[in-house]
Amino acid sequence: MAGGPLIGISTYLETGARWGVWELEAALLPAGYPRLVQRAGGVAVMLPPDEVLRAADVVSRLDGLVIAGGPDVEPVRYGAERDPRTGPPARARDSWELALIDAALAARVPLLGICRGMQLLNVALGGTLVQHLDGHAEVVGVFGHHPVKPVPGTRYAAAVPEETSVPTYHHQAIDRLGSGLLPSAHAADGTVEAVELPPADGWVLGVQWHPEMGEDTRVMRALVEAAEGSAAGS
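Presented here is a report on the structure given in the accompanying data block. Remember, predicted model here, so these are calculated numbers, not experimental data.

1. Structural notes on the overall build of the protein
Reasoning step 1: In terms of regular secondary structure, the protein is built from 6 helices and 13 strands.
Reasoning step 2: The C-alpha atoms of the protein give a radius of gyration of 17 Å, which matches the 17 Å a tight globule of 234 residues would have.
Reasoning step 3: A principal-axis box enclosing the C-alpha atoms of the protein has dimensions of 45 × 45 × 35 Å.
Reasoning step 4: In the protein, buried positions account for 50% of the 234 residues.
Reasoning step 5: Taking as baseline every contact in the protein between residues at least 6 positions apart, the subset at least 24 positions apart corresponds to 68%.
Reasoning step 6: With the model as given, the accessible surface of the protein reaches about 10,800 Å², and the carbon-plus-sulfur share is 55%.
Reasoning step 7: One finds the centroid of the 17 positive side-chain charges in the protein at a distance of 2 Å from the centroid of its 28 negative side-chain charges.

Okay, structure coming up:
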């Protein structure tokens, strides 16, 4: 495919972003996300929060979708009371990204969830979250690293067959798995670090860590290759 497949990435919507002399509301995304898509051979486009009814049309124009990391998912989305350590809600983003996930699953557009994106994928499929765990975000505002071990025979293991040290920053994790999801990597403490749907349900993968903060392109390259195949078959 000339130029590579078109990969949409969901974004933040922040009220007080600053650059130059300006402080304005802004749709923004850490540059690591589009750079990782580009390094993996895709064309990156940003998808700021929008009306949920537009999600299916937006997804229909994409070859692949990334749900990016970010704030905690509002607990009401999975039927839980808010823990005091859960962050403030991002309701517009929750609604938009859940609609994007639903549209991608329905249209079988290859989908990668990163950190919050994996958690939201789990919630979209009826799963729940642990609202706080220690040891996966050691210092506020600083990414740590820890090893994750793939589950043999999974899509993730096909892309990254060995145990690897990954960039990590999160304080929430999967509790009950969503319908159809399979764990495909774990941390040493047993935390589910990657999930996926069976191949019969399309190309769907979520990772708890932040590949955009590292040098390993294999997870994103797997999405880009799936998007290339999906676009070629459409």
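2. Structural notes on helix 3 (residues 91-107)
Reasoning step 1: Relative to the 24 Å expected for 17 residues at 1.5 Å per residue, helix 3 spans 24 Å between its end C-alpha atoms, a close match to the ideal helical length.
Reasoning step 2: Residues of helix 3 that are buried include every one of Arg93, Asp94, Trp96, Glu97, Leu98, Ala99, Leu100, Ile101, Ala103 and Ala104, and no others.
Reasoning step 3: Downstream of helix 3 by one or two residues, Arg108 has phi in the positive range, about 60°.

3. Remarks on the sheet that holds strand 4 (residues 43-47)
Reasoning step 1: Reading across the sheet, the 9 strands line up as 4-1-5-6-13-12-11-8-9 and stay open at both edges, with mixed pairing between neighbours. Each of the sheet's edge strands pairs with one partner strand only, and the pair in question is strand 4 and strand 9 (164-168). Neighbour to neighbour, the strand axes of the sheet diverge by 25° on average, direction disregarded.
Reasoning step 2: Note: strand 1 (residues 6-10) against strand 5 (residues 64-67), 3 bridges, orientation parallel. Pairing of Gly8 across the sheet is with Leu65, part of strand 5.
Reasoning step 3: Taken strand by strand, helix 1 (residues 32-39) contacts strand 1, strand 4 and strand 6 (111-114), and its axis lies near 160° from that of strand 1.
Reasoning step 4: Contacts between helix 3 and the sheet are confined to strand 1, strand 4, strand 5, strand 6 and strand 13 (204-207), with strand 5 contributing the most and set at about 150° to the helix.

4. Concerning the pairing of strand 12 (residues 192-196)
Reasoning step 1: Among the 5 residues in strand 12, 5 count as buried, and that is most of the element.
Reasoning step 2: Taken together, the 4 bridges between strand 11 (residues 182-187) and strand 12 define a ladder with antiparallel strand orientation. The residue of strand 12 that forms the bridge with Pro183 is Val195.
Reasoning step 3: Here strand 12 runs beside strand 13; their pairing, made up of 3 bridges, is antiparallel. Along strand 13, the bridge assignment pairs Val195 with Gly206.

5. Re unusual backbone geometry
Reasoning step 1: For Arg108, which is not glycine, the phi dihedral falls at a positive 60°.
Reasoning step 2: Within the secondary structure layout, Arg108 lies in the loop between helix 3 and strand 6.
Reasoning step 3: Overall, the relative accessible area of 46% leaves Arg108 in the partly exposed class.
Reasoning step 4: You will see that Cys115, though not glycine, has its phi angle at about 55°, which is positive.
Reasoning step 5: Looking at the secondary structure, you find Cys115 in the loop between strand 6 and helix 4 (116-124).
Reasoning step 6: Here Cys115 falls in the buried class, since its relative accessible area comes to 5%.

Cut-offs applied
- Residues numbered from 1 in each chain as written.
- Predicted model: local features only at pLDDT ≥ 70, side-chain atom pairs only at ≥ 80, totals over all residues.
- Heavy atoms only, no water.
- Helix = DSSP H or I, 4+ residues; strand = E, 2+ residues; numbered from the N terminus.
- Rg over C-alpha atoms; globule rule 2.2 N^0.38 Å.
- Buried < 20%, exposed > 50% of the residue type's maximum accessible area, 1.4 Å probe, protein only.
- Contact = heavy atoms within 4.5 Å.
- Areas by Shrake-Rupley, 256 points an atom, 1.4 Å probe, with all protein chains shown as cover.
- Lys, Arg positive; Asp, Glu negative; His and termini not counted.
- Charge placed at Lys NZ, Arg CZ, Asp CG, Glu CD.
- Expected span 1.5 Å × (residues − 1).
- Pairing = 2+ DSSP bridges.
- Axes fitted to C-alpha atoms, helices over the stretch in contact; angles between N-to-C directions.

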